[in-house]
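Summary of the model geometry
Each chain is listed here by its residues.
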Amino acid sequence: MKSAGGLVIGAFVLLLAIWLLWVVQTAIDIGAGPRLAEQAFAGLPATGVSNPVTAVLLSYRGYDTLLELAVLLAALLGIWSLGAASPGFQAAGAVLQGMVTLVVPLLILAGGYLLWVGGHAPGGAFQAGALLGAAGVVMRLAGDERAGLPPLAAQRWLVVAGVAVFVLVGIATMGLGAGFLAYPIGWSKWLILAIETAATVAIGTTLAAAYVGGRPWSHADVSGQS
Amino acid sequence: MTAGLLLLFDLVLVTTLVGLAIAALISPDLRRAVMLFIAFGLWLALVWARLRAPDVALAEAAIGAGLGGALMLAAARRAARRASANGGIDAEGGEA
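These figures come from a predicted structure and were not determined experimentally.

1. Structural notes on the overall build of chain A
Tallying secondary structure elements over chain A gives 10 helices and zero strands in all. Going from the N terminus to the C terminus, chain A shows its helices and strands as α-α-α-α-α-α-α-α-α-α. For 226 residues, the compact-globule estimate of 2.2 N^0.38 gives 17 Å, and chain A exceeds it by more than 25% at 23 Å. Overall size of chain A, expressed as C-alpha extent along the three principal axes, is 65 × 65 × 35 Å. A total of 226 residues make up chain A; the buried ones form 37% of that total. Of all intrachain contacts in chain A linking residues separated by at least 6 positions in sequence, the fraction that spans at least 24 positions is 74%. Carbon and sulfur atoms form 74% of the exposed surface of chain A, whose accessible area is close to 12800 Å².

Okay, structure coming up:
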């Protein structure tokens, strides 16, 4: 019974492999035909950024990025609904604490740099937010119970900041008659920068809060019971 | 000469990547599997850089290997603690 099931799965995987090889082969046979890269480069001056990846993420396909931020937010809401966060690690010793005081400001600085440089070179909100989140993880490992995050009320605002600014900008451009997330040409760069800044803060907060791994607000209740 | 060297480099990249993936999949110990997965993520970042996609390489190293790895290590630790408690009272007091 079990071997029959394994046989079926094996045959399935083999078929999938053959299909994948066929897809790759046809892609190679067709060659580099008309792709979207040229169109993406052609529209670049109007977006106000010179990094094509950032242009695609925030100008051409802003919806995708908005929904990615919403997915992150939904994931954090899921984590918060799982239960109370565990109490943090014990306070760091002198050596680790010294490293943390050195590394965390550097991570924040590097995050800001990646955010700014995303306009014209590899970088951007997700990478910068990941660095901010990493700073939170390091602080949590060094004994900070809240991973360096502000109190809950501020945390909630920070977590929704990315989606909120994104949607507000979209509604504002709609109000101007350009359509949802169709940036006016002169403002494009600054709108993208505003969205990316909010997204960076939101992603950093979300990732650090995800590492805390539970809802932060019933902590007093839990420690009061035990 | 250079092309041959690059081909060799690529072959080493790809075989190590697949090897790390298989090792992470078949590892019986959760912690070990997560560590192999982190190594896999860092190696994948190298592959992305070799494919001239520095944006993806940055994101893979920072999110895929770094934060994903940290989250999975925490999850593995929690799972191990729960397994060792084996139905006893959860040490964290966070039983949902």
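And the narrative resumes.
2. Looking at the UniProt feature "transmembrane region" (unreviewed entry) in chain A
Using the residue numbers shown here, the UniProt feature "transmembrane region" (unreviewed entry) corresponds to residues 42-60, 67-89, 95-117, 124-142, 157-183 and 190-212 of chain A. In this annotation, residues 157-183 of chain A is assigned 70% helix and 0% strand; the end-to-end C-alpha distance for the span is 25 Å.

3. Comments concerning the nonpolar core
One finds Leu69, Leu76, Phe166, Val169, Tyr183, Ile195 and Ile203 of chain A to be the most contacted residues of the largest nonpolar core, which totals 35 residues. Listed by contribution, the elements that provide at least two residues to this core are helix H4 (52-60), helix H5 (62-80), helix H7 (125-141), helix H8 (152-175) and helix H9 (188-212) of chain A together with helix H3 (54-85) of chain B. Ranked by residue count, the leading element in this core is H9 of chain A, at 10 residues. Setting aside residues up to four positions removed in sequence, Val169 of chain A forms contacts with Leu181, Tyr183, Leu191 and Ile195 of chain A. Core analysis: the next-biggest nonpolar cluster, separate from the first, contains 11 residues, Leu107, Leu114, Ala135 and Ala142 of chain A among them.

4. Here's the deal with the interface of chain B and chain A
Contacts between chain B and chain A engage 15 residues on the former and 21 residues on the latter. Between chain B and chain A the total buried area reaches about 1400 Å² when both faces are included, carbon and sulfur atoms providing 69% of it. Per-residue buried area on chain B facing chain A is highest for Asp55, Leu58 and Leu67 of chain B; these three make up 36% of the total on that side. Remark: the boundary between chain B and chain A carries zero salt bridges. Class assignment for the residues of the side of chain B that touches chain A results in 10 nonpolar, one polar and four charged.

5. Observations concerning the pattern of salt bridges
All names here are of chain A. Applying the stated criterion across every chain, the model contains two salt bridges over all chains. Here Asp64 makes a salt bridge to Arg61, at a shortest N to O gap of 3.3 Å. Assessed through its relative accessible area of 33%, Asp64 is described here as partly exposed. Assessed through its relative accessible area of 47%, Arg61 is described here as partly exposed.

Each value, and the rule that gives it
- Residues numbered from 1 in each chain as written.
- Chains lettered and ligands numbered in written order.
- Predicted model: local features only at pLDDT ≥ 70, side-chain atom pairs only at ≥ 80, totals over all residues.
- Heavy atoms only, no water.
- Helix = DSSP H or I, 4+ residues; strand = E, 2+ residues; numbered from the N terminus.
- Rg over C-alpha atoms; globule rule 2.2 N^0.38 Å.
- Buried < 20%, exposed > 50% of the residue type's maximum accessible area, 1.4 Å probe, protein only.
- Contact = heavy atoms within 4.5 Å.
- Areas by Shrake-Rupley, 256 points an atom, 1.4 Å probe, with all protein chains shown as cover.
- UniProt positions renumbered as here; feature names shortened; annotations may be inferred.
- Core = buried A, V, L, I, M, F, W, Y, C linked by side-chain atoms within 4.5 Å.
- Buried area = accessible area lost by both parts, 1.4 Å probe.
- Salt bridge = Lys/Arg side-chain N within 4 Å of Asp/Glu carboxyl O.
- Nonpolar A, V, L, I, M, F, W, Y, C, P; charged D, E, K, R; others polar.

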